[in-house]
There are 2 protein chains.
Amino acid sequence: MESRISIITLGVQSMRISIRFYRDGLKFSTDAKDEAEWAIFRTAGTRLSLYSKEGLAKDIGIPFDGTGFGGITLAHNVPSREDVDQIIQQAVAAGGSLLKSPCEAEWGGYSGYFADPDGYPWEVACGDGWEFGEDGTLWGGSLGPMPRPNAKDGGDA
Amino acid sequence: MESRISIITLGVQSMRISIRFYRDGLKFSTDAKDEAEWAIFRTAGTRLSLYSKEGLAKDIGIPFDGTGFGGITLAHNVPSREDVDQIIQQAVAAGGSLLKSPCEAEWGGYSGYFADPDGYPWEVACGDGWEFGEDGTLWGGSLGPMPRPNAKDGGDA
(Lines give C-alpha, C1' and ligand atoms only; values in the text may rest on other atoms or scores of the structure.)
Protein backbone atom coordinates (compact mmCIF):
# COMPACT_ATOMS: atom_id res chain seq x y z
CA MET A 1 0.00 0.00 0.00
CA GLU A 2 1.47 3.34 -0.95
CA SER A 3 1.81 5.98 1.73
CA ARG A 4 -1.13 8.01 0.56
CA ILE A 5 -4.56 9.30 1.63
CA SER A 6 -6.75 10.17 -1.32
CA ILE A 7 -9.88 11.52 0.33
CA ILE A 8 -11.08 12.42 3.82
CA THR A 9 -14.85 12.19 4.17
CA LEU A 10 -16.74 13.83 7.01
CA GLY A 11 -20.16 12.45 7.79
CA VAL A 12 -22.42 15.44 8.44
CA GLN A 13 -25.91 16.11 9.76
CA SER A 14 -26.86 18.78 7.23
CA MET A 15 -25.23 18.86 3.81
CA ARG A 16 -26.53 22.37 3.20
CA ILE A 17 -25.09 23.79 6.42
CA SER A 18 -21.75 22.05 5.93
CA ILE A 19 -21.42 22.95 2.26
CA ARG A 20 -22.06 26.59 3.11
CA PHE A 21 -19.57 26.44 5.98
CA TYR A 22 -16.71 25.02 3.89
CA ARG A 23 -17.53 26.63 0.54
CA ASP A 24 -18.79 30.07 1.54
CA GLY A 25 -17.30 30.46 5.00
CA LEU A 26 -13.86 28.91 4.66
CA LYS A 27 -13.62 29.46 0.87
CA PHE A 28 -12.72 25.88 0.08
CA SER A 29 -12.75 25.12 -3.64
CA THR A 30 -15.74 23.12 -4.90
CA ASP A 31 -18.43 22.98 -7.56
CA ALA A 32 -20.99 21.67 -5.06
CA LYS A 33 -24.37 23.39 -4.89
CA ASP A 34 -26.42 23.75 -1.70
CA GLU A 35 -28.61 20.78 -2.57
CA ALA A 36 -25.78 18.35 -3.37
CA GLU A 37 -26.07 14.87 -1.86
CA TRP A 38 -22.27 14.57 -1.85
CA ALA A 39 -19.74 17.36 -2.00
CA ILE A 40 -16.06 17.23 -2.84
CA PHE A 41 -13.54 19.98 -2.18
CA ARG A 42 -10.21 20.30 -3.97
CA THR A 43 -7.39 20.63 -1.46
CA ALA A 44 -3.64 20.56 -1.96
CA GLY A 45 -2.63 16.93 -2.36
CA THR A 46 -5.80 15.40 -0.99
CA ARG A 47 -9.55 15.99 -1.06
CA LEU A 48 -12.09 16.70 1.61
CA SER A 49 -15.56 15.35 0.98
CA LEU A 50 -18.88 15.57 2.79
CA TYR A 51 -21.60 12.96 2.93
CA SER A 52 -24.47 12.29 5.31
CA LYS A 53 -23.22 10.59 8.46
CA GLU A 54 -26.04 8.05 8.29
CA GLY A 55 -25.28 7.30 4.65
CA LEU A 56 -21.58 6.94 5.36
CA ALA A 57 -22.22 4.41 8.13
CA LYS A 58 -24.63 2.56 5.85
CA ASP A 59 -22.07 2.47 3.03
CA ILE A 60 -19.54 0.85 5.36
CA GLY A 61 -22.15 -1.43 6.93
CA ILE A 62 -21.56 -0.35 10.53
CA PRO A 63 -23.96 1.07 13.12
CA PHE A 64 -24.71 4.80 13.04
CA ASP A 65 -24.12 5.14 16.76
CA GLY A 66 -21.21 7.50 17.33
CA THR A 67 -21.20 10.03 20.16
CA GLY A 68 -18.61 12.35 21.64
CA PHE A 69 -15.08 12.93 20.38
CA GLY A 70 -14.51 10.75 17.32
CA GLY A 71 -10.75 10.75 17.84
CA ILE A 72 -9.66 12.47 14.62
CA THR A 73 -8.35 15.98 14.07
CA LEU A 74 -7.54 17.77 10.84
CA ALA A 75 -4.75 20.33 10.80
CA HIS A 76 -4.34 23.43 8.66
CA ASN A 77 -0.80 24.71 9.09
CA VAL A 78 0.28 28.22 8.22
CA PRO A 79 3.43 30.34 8.18
CA SER A 80 2.58 32.89 10.88
CA ARG A 81 0.79 33.47 14.18
CA GLU A 82 -1.26 36.19 12.52
CA ASP A 83 -2.52 33.58 10.05
CA VAL A 84 -3.56 31.33 12.94
CA ASP A 85 -5.52 34.12 14.62
CA GLN A 86 -7.12 35.23 11.36
CA ILE A 87 -8.25 31.75 10.31
CA ILE A 88 -9.72 30.92 13.70
CA GLN A 89 -11.68 34.18 13.52
CA GLN A 90 -12.81 33.38 9.98
CA ALA A 91 -14.02 29.93 11.00
CA VAL A 92 -15.99 31.26 13.95
CA ALA A 93 -17.49 33.99 11.78
CA ALA A 94 -18.50 31.28 9.31
CA GLY A 95 -20.47 29.38 11.94
CA GLY A 96 -17.80 27.18 13.45
CA SER A 97 -17.23 27.08 17.20
CA LEU A 98 -14.11 27.98 19.08
CA LEU A 99 -12.70 24.94 20.86
CA LYS A 100 -9.37 26.44 21.98
CA SER A 101 -8.17 30.00 21.57
CA PRO A 102 -4.79 30.25 19.87
CA CYS A 103 -1.96 29.98 22.38
CA GLU A 104 1.58 28.76 22.84
CA ALA A 105 1.66 24.99 22.30
CA GLU A 106 3.68 22.51 24.38
CA TRP A 107 5.57 21.48 21.25
CA GLY A 108 6.86 25.01 20.76
CA GLY A 109 4.47 26.39 18.18
CA TYR A 110 1.28 28.45 18.28
CA SER A 111 -2.03 26.71 17.85
CA GLY A 112 -5.79 26.95 18.22
CA TYR A 113 -8.78 24.73 17.43
CA PHE A 114 -12.19 25.32 15.92
CA ALA A 115 -15.01 22.84 15.30
CA ASP A 116 -17.01 22.67 12.10
CA PRO A 117 -20.84 22.50 12.23
CA ASP A 118 -20.71 18.77 13.12
CA GLY A 119 -18.06 19.24 15.79
CA TYR A 120 -15.10 17.93 13.79
CA PRO A 121 -11.99 19.56 15.27
CA TRP A 122 -9.56 21.49 13.08
CA GLU A 123 -6.25 22.65 14.49
CA VAL A 124 -4.76 25.79 12.99
CA ALA A 125 -1.07 26.01 13.83
CA CYS A 126 2.28 27.50 12.97
CA GLY A 127 5.72 26.32 14.02
CA ASP A 128 9.31 27.45 13.77
CA GLY A 129 11.16 26.68 10.57
CA TRP A 130 8.23 25.24 8.67
CA GLU A 131 8.54 25.47 4.90
CA PHE A 132 5.58 25.64 2.56
CA GLY A 133 5.27 24.83 -1.13
CA GLU A 134 3.58 27.16 -3.56
CA ASP A 135 0.25 25.41 -3.09
CA GLY A 136 0.57 25.58 0.69
CA THR A 137 1.74 22.00 1.23
CA LEU A 138 3.91 21.78 4.33
CA TRP A 139 7.22 20.37 3.11
CA GLY A 140 9.81 20.41 5.80
CA GLY A 141 10.84 21.98 9.06
CA SER A 142 10.46 20.27 12.39
CA LEU A 143 7.96 17.75 11.01
CA GLY A 144 10.62 16.25 8.76
CA PRO A 145 10.69 16.06 4.98
CA MET A 146 7.79 15.00 2.81
CA PRO A 147 8.03 13.46 -0.63
CA ARG A 148 7.55 16.11 -3.27
CA PRO A 149 5.34 15.27 -6.21
CA ASN A 150 7.30 13.65 -9.01
CA ALA A 151 10.33 13.17 -6.73
CA LYS A 152 11.54 9.66 -7.41
CA ASP A 153 13.80 9.67 -4.36
CA GLY A 154 11.24 11.12 -1.96
CA GLY A 155 10.57 10.05 1.60
CA ASP A 156 8.93 6.83 0.58
CA ALA A 157 12.24 5.08 -0.11
CA MET B 1 -8.38 30.03 4.57
CA GLU B 2 -6.72 28.13 1.75
CA SER B 3 -8.32 24.90 0.58
CA ARG B 4 -5.82 22.65 2.28
CA ILE B 5 -5.50 19.94 4.93
CA SER B 6 -1.98 19.69 6.29
CA ILE B 7 -2.22 16.78 8.71
CA ILE B 8 -4.78 14.16 9.73
CA THR B 9 -4.24 12.90 13.27
CA LEU B 10 -5.78 9.68 14.53
CA GLY B 11 -6.12 9.33 18.29
CA VAL B 12 -5.10 5.75 19.12
CA GLN B 13 -5.19 3.44 22.12
CA SER B 14 -1.74 1.93 21.65
CA MET B 15 0.98 3.86 19.85
CA ARG B 16 3.07 0.70 19.50
CA ILE B 17 0.30 -1.33 17.88
CA SER B 18 -0.70 1.49 15.54
CA ILE B 19 2.86 2.39 14.54
CA ARG B 20 3.50 -1.25 13.67
CA PHE B 21 0.23 -1.44 11.74
CA TYR B 22 0.92 1.60 9.56
CA ARG B 23 4.72 1.36 9.33
CA ASP B 24 5.31 -2.38 9.12
CA GLY B 25 1.95 -3.65 7.92
CA LEU B 26 0.86 -1.00 5.42
CA LYS B 27 4.43 0.19 4.64
CA PHE B 28 3.68 3.85 5.25
CA SER B 29 6.81 6.02 5.26
CA THR B 30 7.97 7.19 8.71
CA ASP B 31 10.99 7.48 10.95
CA ALA B 32 8.92 6.65 14.05
CA LYS B 33 10.20 3.96 16.39
CA ASP B 34 7.94 1.62 18.38
CA GLU B 35 8.25 3.72 21.52
CA ALA B 36 7.42 7.07 19.91
CA GLU B 37 4.90 9.27 21.74
CA TRP B 38 3.88 10.83 18.44
CA ALA B 39 4.34 9.44 14.97
CA ILE B 40 4.15 11.17 11.63
CA PHE B 41 3.88 9.45 8.26
CA ARG B 42 4.79 11.09 4.97
CA THR B 43 1.94 10.75 2.50
CA ALA B 44 1.43 12.31 -0.90
CA GLY B 45 0.29 15.89 -0.35
CA THR B 46 -0.70 15.49 3.29
CA ARG B 47 0.49 13.72 6.42
CA LEU B 48 -1.05 11.12 8.66
CA SER B 49 -0.08 11.33 12.31
CA LEU B 50 -0.82 9.24 15.38
CA TYR B 51 -1.18 10.43 18.96
CA SER B 52 -2.85 9.01 22.04
CA LYS B 53 -6.60 9.55 21.89
CA GLU B 54 -6.64 10.78 25.48
CA GLY B 55 -3.79 13.19 24.79
CA LEU B 56 -5.48 14.47 21.66
CA ALA B 57 -8.71 15.22 23.53
CA LYS B 58 -6.67 16.89 26.27
CA ASP B 59 -4.80 19.04 23.75
CA ILE B 60 -8.09 20.29 22.33
CA GLY B 61 -9.65 20.66 25.78
CA ILE B 62 -12.68 18.46 25.11
CA PRO B 63 -13.94 15.34 26.94
CA PHE B 64 -12.40 12.00 26.03
CA ASP B 65 -15.79 10.35 25.70
CA GLY B 66 -16.20 9.14 22.14
CA THR B 67 -17.88 5.86 21.33
CA GLY B 68 -19.05 4.19 18.15
CA PHE B 69 -18.58 5.44 14.60
CA GLY B 70 -16.72 8.75 14.72
CA GLY B 71 -18.10 9.85 11.37
CA ILE B 72 -14.87 10.12 9.36
CA THR B 73 -13.48 7.86 6.68
CA LEU B 74 -10.13 7.98 4.90
CA ALA B 75 -9.91 6.80 1.31
CA HIS B 76 -7.00 5.25 -0.54
CA ASN B 77 -7.83 5.22 -4.23
CA VAL B 78 -6.09 3.02 -6.75
CA PRO B 79 -6.10 2.35 -10.50
CA SER B 80 -7.45 -1.23 -10.56
CA ARG B 81 -9.78 -3.71 -8.88
CA GLU B 82 -6.84 -6.01 -8.31
CA ASP B 83 -5.20 -3.23 -6.32
CA VAL B 84 -8.32 -2.90 -4.18
CA ASP B 85 -8.39 -6.63 -3.42
CA GLN B 86 -4.66 -6.77 -2.71
CA ILE B 87 -4.63 -3.79 -0.34
CA ILE B 88 -7.63 -5.02 1.64
CA GLN B 89 -5.84 -8.37 2.03
CA GLN B 90 -2.64 -6.61 3.07
CA ALA B 91 -4.45 -4.55 5.69
CA VAL B 92 -6.17 -7.58 7.19
CA ALA B 93 -2.89 -9.49 7.21
CA ALA B 94 -1.34 -6.53 9.04
CA GLY B 95 -3.90 -6.72 11.86
CA GLY B 96 -6.69 -4.58 10.47
CA SER B 97 -10.24 -5.85 10.34
CA LEU B 98 -12.42 -6.32 7.31
CA LEU B 99 -15.43 -4.01 7.46
CA LYS B 100 -16.74 -4.59 3.93
CA SER B 101 -15.43 -6.99 1.32
CA PRO B 102 -14.66 -5.31 -1.99
CA CYS B 103 -17.72 -5.17 -4.21
CA GLU B 104 -19.44 -3.10 -6.87
CA ALA B 105 -20.27 0.31 -5.43
CA GLU B 106 -23.49 2.21 -6.03
CA TRP B 107 -21.52 5.06 -7.57
CA GLY B 108 -20.18 2.74 -10.27
CA GLY B 109 -16.76 1.83 -8.92
CA TYR B 110 -15.35 -1.04 -6.87
CA SER B 111 -14.75 -0.55 -3.18
CA GLY B 112 -14.05 -2.20 0.16
CA TYR B 113 -13.39 -1.05 3.72
CA PHE B 114 -10.98 -2.11 6.42
CA ALA B 115 -10.57 -0.74 9.95
CA ASP B 116 -7.22 0.05 11.55
CA PRO B 117 -6.46 -1.18 15.10
CA ASP B 118 -8.58 1.61 16.62
CA GLY B 119 -11.50 1.03 14.28
CA TYR B 120 -10.88 4.00 11.95
CA PRO B 121 -12.43 3.07 8.59
CA TRP B 122 -10.38 3.21 5.39
CA GLU B 123 -12.07 2.81 2.03
CA VAL B 124 -9.99 1.31 -0.78
CA ALA B 125 -11.59 2.06 -4.12
CA CYS B 126 -11.13 2.32 -7.85
CA GLY B 127 -13.35 4.06 -10.37
CA ASP B 128 -13.63 4.46 -14.11
CA GLY B 129 -11.46 7.08 -15.74
CA TRP B 130 -9.53 8.08 -12.65
CA GLU B 131 -6.10 9.57 -13.38
CA PHE B 132 -3.19 9.38 -10.99
CA GLY B 133 -0.07 11.51 -10.68
CA GLU B 134 3.38 9.98 -10.36
CA ASP B 135 3.17 10.08 -6.56
CA GLY B 136 -0.25 8.46 -6.59
CA THR B 137 -2.29 11.63 -6.10
CA LEU B 138 -5.71 11.29 -7.69
CA TRP B 139 -5.92 14.12 -10.20
CA GLY B 140 -9.01 13.86 -12.30
CA GLY B 141 -11.67 11.55 -13.59
CA SER B 142 -15.20 11.46 -12.24
CA LEU B 143 -14.17 13.29 -9.07
CA GLY B 144 -13.33 16.41 -11.05
CA PRO B 145 -10.00 18.17 -11.38
CA MET B 146 -7.68 18.98 -8.51
CA PRO B 147 -5.18 21.80 -8.38
CA ARG B 148 -1.75 20.50 -9.29
CA PRO B 149 1.14 21.70 -7.17
CA ASN B 150 2.61 24.92 -8.53
CA ALA B 151 -0.31 25.38 -10.91
CA LYS B 152 -1.29 29.02 -10.65
CA ASP B 153 -4.55 28.47 -12.47
CA GLY B 154 -5.60 25.36 -10.55
CA GLY B 155 -9.03 24.52 -9.25
CA ASP B 156 -8.82 27.10 -6.49
CA ALA B 157 -9.68 29.97 -8.84
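Just above sits the structure.
Residues numbered from 1 in each chain as written. Chains lettered and ligands numbered in written order. Predicted model: local features only at pLDDT ≥ 70, side-chain atom pairs only at ≥ 80, totals over all residues.

Draft legend 1. Structural view of the overall build of chain A. Helices and strands together make up the secondary structure of chain A, namely 3 helices and 8 strands. Taken from N to C terminus, the helices and strands of chain A fall in the order β-α-β-β-β-α-β-α-β-β-β. Of the contacts formed within chain A by residues at least 6 apart in sequence, a portion of 43% connects residues at least 24 apart. (Helix = DSSP H or I, 4+ residues; strand = E, 2+ residues; numbered from the N terminus. Contact = placed C-beta atoms within 7 Å.)

Draft legend 2. Examining helix H2 (residues 53-60) of chain B more closely. All names here are of chain B. Inspection of H2 places Lys53, Leu56, Ala57, Asp59 and Ile60 among the buried residues, and these make up the whole buried set. End-on view of H2: buried residues confined to an arc of 160°, all on one side of the axis. One or two steps after H2, the chain reaches Gly61, where phi turns positive at roughly 90°. (Buried ≥ 20, exposed ≤ 12 C-beta atoms within 10 Å, placed from the backbone. Arc of directions from axis to C-beta.)

Draft legend 3. The pairing of strand E4 (residues 46-52) of chain B, seen in detail. Residues and elements named next belong to chain B. Most of E4 is tucked away, with 5 of its 7 residues classed as buried. Here 6 bridges tie strand E1 (residues 7-12) to E4, and the two strands are oriented parallel to one another. Bridge pairing in E4 places Gly11 opposite Tyr51. Two strands pair when backbone bridges link them, and strand E3 (residues 39-43) and E4 are joined in this way by 5 bridges, in the antiparallel orientation. If you follow Ala39 over to E4, its bridge partner there is Leu50. Linkage of E3 to E4, two consecutive antiparallel strands, is achieved through a turn of 2 residues, within which Gly45 is found at a positive phi near 85°. (Pairing = 2+ DSSP bridges.)

Draft legend 4. Fine view of the relation of the copies chain A and chain B. Each copy superposes on the other: chain A lies on chain B with an RMSD of 0.0 Å after a rotation of 180° and an axial shift of 0.0 Å. Taken together, these values place the two copies in the relation of a two-fold axis. Comparing contact sets, 100% of the residues at the interface of chain A also lie at the interface in chain B, consistent with an isologous, same-surface contact. (Least-squares fit on C-alpha atoms with pLDDT ≥ 70 in both.)

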